[in-house]
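Next come the chains, spelled out residue by residue.
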Number of protein chains: 2
Amino acid sequence: MINSVDKTSFPPHLAGIKGKLTIVKVGGKIVEEAESLKKLLADFSKIEGYKVLVHGGGRSATAMAAKLGIESKMVNGRRITDSEMLNVVTMVYGGLVNKQIVAGLQAVNVNALGLTGADLNYMRSEKRPVKEVDYGFVGDVKEVNADILADLIGKGVVPVLAPLTHDKNGNLLNTNADTIAGEAAKALSKHFEVTLMYCFEKKGVLLDENDDESVITNLTPTLFEKYVSNGIIQGGMIPKLENSFEALYAGVKQVIITRSDKIHTNNGTVISLL
Amino acid sequence: MINSVDKTSFPPHLAGIKGKLTIVKVGGKIVEEAESLKKLLADFSKIEGYKVLVHGGGRSATAMAAKLGIESKMVNGRRITDSEMLNVVTMVYGGLVNKQIVAGLQAVNVNALGLTGADLNYMRSEKRPVKEVDYGFVGDVKEVNADILADLIGKGVVPVLAPLTHDKNGNLLNTNADTIAGEAAKALSKHFEVTLMYCFEKKGVLLDENDDESVITNLTPTLFEKYVSNGIIQGGMIPKLENSFEALYAGVKQVIITRSDKIHTNNGTVISLL
């Protein structure tokens, strides 16, 4: 039955040569201002090989909610998404921000396709169970249908992923953009050699937080442990890097933390297992 | 060179058997209320063969604009789209309405994909020239790239088209949903045997406007001329039907005008050339 085996289901080292795919996650600020968005899309268009863009949009959502008289409630840096706020993020993430990026990419000859998890049912989630905090209409990712995405990417289409998923029961759910990027990267690793790139305000993870040039160029699990134990890496960077290693263990080739104007250079902190 | 000829580029009668595609256009009112939307999507899911849904959203856009303190200006029943209003329609059509439909269709196992004209560059337009009226950021359709749409449709994907196009220079443009449906139908006729279905408040075009049951079941160019000359068909229905005939002359198999609860029955006024 060897002929009927789908090569792409082999572990990466047995799958032969796979195309290179870069998944870039950018935060809200950069994509929410016309000038910085234009620069970003020009840089993004220079990335060679297959690519995917994942965007946030929190500042725009907060601003739009305020205009509509809806208060933004945050707990531990996460948005509480009640039904009114769900409509706001659906409009802002799925409509305003996503479609402006798609139109901007088409203008630089990138054949973009804007998606929420509901589109093509590419990412299904479940509403987060209520524990100490009721986050409301927030989704925890349960299933990624990467095959149809991979097929489109292989044809030169560039998916632009909004931070929204769905539960397959008709409900959209607000979902963290870092999570979308990580889950898409893991699932697409079956089909591509994936570089997952997180954009950050700094040029990478810094050895000295007061020196913007002190970028740690390579980070492995061993080095990460060392930097955590001696206090060089601390705070919110620890879970971010733990998630990066989790993506690597799940098949992603490398994770790069860099500044948005460096996405086409591969400079920054390159995180890998070896 | 006969082997290299793309069969789908032949005129319909030479192209062999093509798959049946139904393109349903529904107005804003039905898709903007949860209950009527749910009923519509259930009926839509019962349509056999390939399908596409095209939606409006004008009432929601007007309501959202009002909440944001933006006045909706209409001339001859058409919206004037200034830059603020363009943001509103991008949010409402491309985000809120489109994504709720997509999520609703996924819940009834229809593999929906929400699109604006910018997505996949499937519909390019140009900003309408300013003549007596400056409609603002409104697009006149110039180019439909149906091949990639047809490929997705052939794989079981159901495009959900929002009434937005783009100019390929980074600008989204507000575009009438009837026009989107008609242009998509014409372009997709190269690949499919297309039925274009316009939903209407009545069960079809009526012989007697005071009798909802007096539906004209078949309309040909000859009958249309007769009904116009004797005053049975008048007013806004004339340009609507002229557009329907134009679609037929451009390759669409039939146009059906029906009520939204009849979309899965093929009842209504069937408009054809013979």
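What counts and what doesn't
- Residues numbered from 1 in each chain as written.
- Chains lettered and ligands numbered in written order.
- Predicted model: local features only at pLDDT ≥ 70, side-chain atom pairs only at ≥ 80, totals over all residues.
- Contact = placed C-beta atoms within 7 Å.
- Helix = DSSP H or I, 4+ residues; strand = E, 2+ residues; numbered from the N terminus.
- Nonpolar A, V, L, I, M, F, W, Y, C, P; charged D, E, K, R; others polar.
- Axes fitted to C-alpha atoms, helices over the stretch in contact; angles between N-to-C directions.
- Parallel < 35°, antiparallel > 145°, perpendicular 65-115°, else oblique.
- Left-handed = near helix turned anticlockwise from the far one by under 90°.
- Core = buried A, V, L, I, M, F, W, Y, C linked by C-beta atoms within 7 Å.
- Buried ≥ 20, exposed ≤ 12 C-beta atoms within 10 Å, placed from the backbone.
- Pairing = 2+ DSSP bridges.
- Least-squares fit on C-alpha atoms with pLDDT ≥ 70 in both.
- pLDDT = per-residue confidence, 0-100.
- Expected span 1.5 Å × (residues − 1).
- Bend = angle between axes of the 7 residues up to and from the residue.

### Observations regarding the interface of chain A and chain B
Logical step 1: Facing the 31 residues of chain A at the interface are 31 residues of chain B.
Logical step 2: Looking at the side of chain A that touches chain B, the elements that each hand over two or more residues are helix H4 (83-107) and strand S5 (112-115) of chain A.
Logical step 3: Within the side of chain A that touches chain B, the residues separate by chemical class into 13 nonpolar, 14 polar and 4 charged.

### Notes on the packing of helix H3 (residues 58-67) of chain A against H4 of chain A
Residues and elements named next belong to chain A.
Logical step 1: Following both chains from N to C, one finds H3 and H4 inclined at 125 degrees, their axes separated by 9 Å at the closest point. It follows from the interaxial angle that H3 and H4 lie oblique. For the element pair H3 and H4, the recorded crossing hand is right-handed. For the pair H3 and H4, contact is made by Ser60, Ala61, Met64 and Ala65 and by Met85, Val88, Val89, Val92, Tyr93, Leu96 and Val97, respectively.
Logical step 2: Grouping the amino acids of the contact of H3 with H4 by side-chain chemistry returns 10 nonpolar, 1 polar and no charged.

### Focus on the packing of H4 of chain A against helix H4 (residues 83-107) of chain B
Logical step 1: Close contact between H4 of chain A and H4 of chain B brings their axes to 7 Å; oriented N to C, the two are set at 115 degrees. The interaxial crossing formed by H4 of chain A with H4 of chain B has right-handed handedness. Along its contact with H4 of chain A, which presents Asn87, Thr90, Met91, Val92, Gly94, Gly95, Leu96 and Lys99 of chain A, the element H4 of chain B presents Asn87, Thr90, Met91, Val92, Gly94, Gly95, Leu96 and Lys99 of chain B.
Logical step 2: Of the residues assigned to the contact of H4 of chain A with H4 of chain B, the class counts are 6 nonpolar, 8 polar and 2 charged.

### A word on the nonpolar core
Logical step 1: By size, the foremost hydrophobic cluster in this structure holds 164 residues, and its most contacted members are Ile23 and Ala184 of chain A together with Ile23 and Ala184 of chain B.
Logical step 2: When sequence neighbours within four positions are dropped, the list of residues in contact with Ala184 of chain A reads Ile23, Val52, Val54, Val144 and Leu161 of chain A.

### Here we look at the sheet that holds S5 of chain A
Residues and elements named next belong to chain A.
Logical step 1: The strand order S5-S8-S2-S1-S11-S13-S14-S12 describes an open sheet built from 8 strands, whose pairing is mixed. Of all strands in the sheet, those bounded by a partner on one side alone are S5 and strand S12 (218-219).
Logical step 2: Both strand S1 (residues 19-26) and strand S2 (residues 50-55) contribute to a ladder of 6 bridges, which runs parallel. Looking at S2, one finds that Val26 is bridged to His55.
Logical step 3: With respect to the sheet, helix H5 (residues 146-154) is in contact with S1, S2, S5 and strand S8 (158-161), its orientation differing from that of S8 by roughly 130 degrees.

### Considerations on the environment of Val133 of chain A
Residue and element names in this part refer to chain A.
Logical step 1: In this structure, Val133 sits in the loop between strand S6 (123-127) and strand S7 (139-144).
Logical step 2: Among the residues examined, Val133 registers 12 C-beta atoms within 10 Å and is labelled exposed.
Logical step 3: Considered as a pair, Val133 and Asn230 are 97 residues apart in the sequence and their alpha carbons are 33 Å apart.

### Remarks on the relation of the copies chain A and chain B
Logical step 1: Note on the identical chains: chain A maps onto chain B by a rotation of 180 degrees and an axial translation of 0.0 Å, with an RMSD of 0.0 Å. Seen this way, the second copy is the image of the first under a two-fold rotation axis. Every residue of chain A has its C-alpha some distance from the rotation axis, and the shortest such distance is that of Gly95 of chain A, at 1.8 Å.
Logical step 2: Same-surface contact between copies: 100% of interface residues of chain A are shared with the interface of chain B.

### Here's the deal with the sheet that holds strand S13 (residues 254-259) of chain B
Residues and elements named next belong to chain B.
Logical step 1: The strand order across the open sheet formed by 8 strands is S5-S8-S2-S1-S11-S13-S14-S12, and the pairing between neighbours is mixed. Of all strands in the sheet, those bounded by a partner on one side alone are strand S5 (112-115) and strand S12 (218-219).
Logical step 2: Relative to strand S14 (residues 269-271), S12 is paired through 2 bridges, and the arrangement is parallel. Residue pairing in the sheet places Leu219 in a bridge with Ile271 of S14.
Logical step 3: The sheet strands contacting helix H5 (residues 146-154) are strand S1 (19-26), strand S2 (50-55), S5 and strand S8 (158-161), and the helix crosses S8 at an angle near 130 degrees.

### A word on the pairing of S1 of chain B
Residue and element names in this part refer to chain B.
Logical step 1: Burial runs high along S1: 6 of the 8 residues are buried.
Logical step 2: Relative to strand S11 (residues 192-200), S1 runs parallel, the two sharing 7 bridges. Looking at the pairing, Leu21 lines up with Val194 of S11.

### Thoughts on the confidence of the model for chain A
Logical step 1: In this model, chain A carries a mean pLDDT of 91, and residues with pLDDT of at least 70 account for 94%.
Logical step 2: When the criterion is pLDDT under 50, residues 1-14 of chain A qualifies, and its contacts beyond four places in sequence or with other chains add up to 9 contacts.

### Structural notes on H4 of chain A
All names here are of chain A.
Logical step 1: Here H4 contains 25 residues, and its C-alpha end-to-end distance of 35 Å stays within 8% of the 36 Å for a straight helix at 1.5 Å per residue.
Logical step 2: Where H4 bends most, at Asn98, the angle is about 35 degrees.
Logical step 3: Most of H4 sits out of view: 22 of its 25 residues are buried.
Logical step 4: Asn109 occupies a position one or two residues after H4 and carries a positive phi of about 60 degrees.

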